[in-house]
Amino acid sequence: MTEPVIKGESVDLPLSKGDEGTFIQEIQRDLIRAGFSLPVYGADGIFGAETQRAVMRFQEAYNLQIDGLVGPITLNKLKEVVGSSNPLSDFPLPDGILRKGDEGPEVARVQRALKAIGYDPTYIDGIYGELTENAVRRFQSSYAKLANDGIYGPNTREYMELELDNL
């Protein structure tokens, strides 16, 4: 019996803008699985500006150095997030109240969680706009105890955590 042969490639880290290949494509797929969309080019195997922005958003969400490079720390964290079986820790929901017009990493965390539980806000860009408000409303309409106002607050957070626990 022969040993299985695994096709692999040697990759020098860090990976950065301008790099190409199947490993870049794998990283892009993992970013998408982790909730960091690549809406224009998707997993095309080319590390361009869109991929760099997604890497930076990922680094910001997980308190890593924000440099847009995929080095060992970012790569290990990405593999950990994608391979994790605890969605609630993958999508730490912010406290407080967020509404249309708000911006920042807290909004992006809500957007990622909404996408994970089936209420895709279309973009995970950290901007609480019309699409995010609509996604929050759709989620709220699933629960009679929630006001269907499109505002993320403690009650909506509680029910989103219930959904994340069920993933």
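The structure presented is a predicted model; accordingly, all values stated were derived computationally and were not measured.

Asks: Help me out: how do you make sense of the pattern of salt bridges in this one?
Replies: Side chains carrying opposite charge are able to pair once their charged atoms draw close together. Inspection of the entire model under this criterion finds 8 salt bridges. In this structure, the salt-bridge partner of Lys-79 is Asp-30, at a minimum N-O distance of 2.6 Å. Separated by 49 residues along the polypeptide, Lys-79 in helix H3 (residues 72–83) and Asp-30 in helix H1 (residues 22–33) bring together distant segments of the chain. Take Lys-79: its relative accessible area is 33%, and that puts it in the partly exposed class. Arg-157 is the partner of Asp-95 in a salt bridge, and the nearest nitrogen-oxygen pair spans 3.5 Å.

Asks: Honestly, the environment of Thr-132 in this entry has me stumped. Any pointers?
Replies: With respect to the helices, strands and loops of the structure, Thr-132 is situated in helix H6 (residues 130–140). The class for Thr-132 is buried, based on a relative accessible area of 3%. Excluding anything up to four places from it in sequence, Thr-132 contacts Gln-111, Leu-114, Pro-121 and Ile-127. Among the polar contacts made by the side chain of Thr-132, one reaches the side chain of Gln-111 at a distance of 2.8 Å.

Asks: So what exactly am I meant to see when it comes to the packing of aromatic side chains here?
Replies: Note on aromatic pairs: each is described by the distance of the centres and the angle between the planes. Within the structure shown, the criterion is met by 5 aromatic pairs. Where Tyr-143 meets Tyr-159, the ring centres are 4.6 Å apart and the plane angle is 45 degrees; that geometry is what we call tilted. With Tyr-143 in the loop between H6 and helix H7 (154–165) and Tyr-159 in helix H7, this residue pair connects regions lying 16 residues apart in the sequence. Since its relative accessible area comes to 16%, Tyr-159 is described here as buried.

Asks: Help me understand the side chain of Gln-111, please; the structure alone is not making it clear to me.
Replies: Within the secondary structure, Gln-111 is located in helix H5 (residues 105–116). Gln-111 has contacts with Pro-121, Tyr-123, Ile-124, Asp-125, Gly-126, Ile-127 and Thr-132, leaving out every residue within four places of it along the chain.

Asks: Looking at this structure, I do not really get the layout of surface pockets. What am I missing?
Replies: With a probe scaled to a water molecule rolled over the atoms, the places where space remains empty come into view. The volume enclosed by the largest pocket comes to roughly 170 Å³. Along the lines of polarity and charge, the residues of the lining of the largest pocket split into 5 nonpolar, 1 polar and 4 charged.

Asks: Any chance you could explain the side chain of Gln-28 here in plain terms?
Replies: With respect to the helices and strands, the residue Gln-28 is situated in helix H1. Within the local environment of Gln-28, its side chain forms a polar contact with the side chain of Thr-51, the two groups lying 2.9 Å apart. If sequence neighbours within four positions are ignored, Gln-28 has contacts with Leu-38, Gly-42, Ala-43, Asp-44, Gly-45, Ile-46 and Thr-51.

Asks: How should I be thinking about the confidence of the model for the chain in this particular structure?
Replies: It should be kept in mind that the predicted coordinates are not to be read in detail where pLDDT is low. Across the chain, the average pLDDT comes to 86, with 89% of residues at or above 70. Taken element by element, the predicted model of the chain shows its lowest mean pLDDT in helix H4 (residues 87–90) (55) and its highest in H6 (96).

Asks: Would you explain the environment of Asp-95 in this entry?
Replies: The topology assignment puts Asp-95 in the loop between H4 and H5. With a relative accessible area of 62%, Asp-95 lands in the exposed category. Note: C-alpha distance between Asp-95 and Arg-157 (62 residues apart in sequence) is 7.8 Å. Within the structure, Asp-95 has its side chain in polar contact with the side chain of Arg-157 (distance 3.5 Å).

What counts, and where the lines are drawn
Residues numbered from 1 in each chain as written. Predicted model: local features only at pLDDT ≥ 70, side-chain atom pairs only at ≥ 80, totals over all residues. Heavy atoms only, no water. Salt bridge = Lys/Arg side-chain N within 4 Å of Asp/Glu carboxyl O. Helix = DSSP H or I, 4+ residues; strand = E, 2+ residues; numbered from the N terminus. Buried < 20%, exposed > 50% of the residue type's maximum accessible area, 1.4 Å probe, protein only. Contact = heavy atoms within 4.5 Å. Polar contact = N/O pair within 3.5 Å; in protein donor to acceptor, adjacent residues only side chain to side chain. Phe/Tyr/Trp six-rings, centres within 6.5 Å; stacked < 30°, edge-to-face > 60°. 1 Å grid on protein atoms, 1.4 Å probe; cavity = no way out; pocket = protein on both sides within 12 Å on 5 of 7 lines; lining within 4 Å. Points joined across faces, edges and corners; volume = space filled by probe spheres on them. Nonpolar A, V, L, I, M, F, W, Y, C, P; charged D, E, K, R; others polar. pLDDT = per-residue confidence, 0-100.

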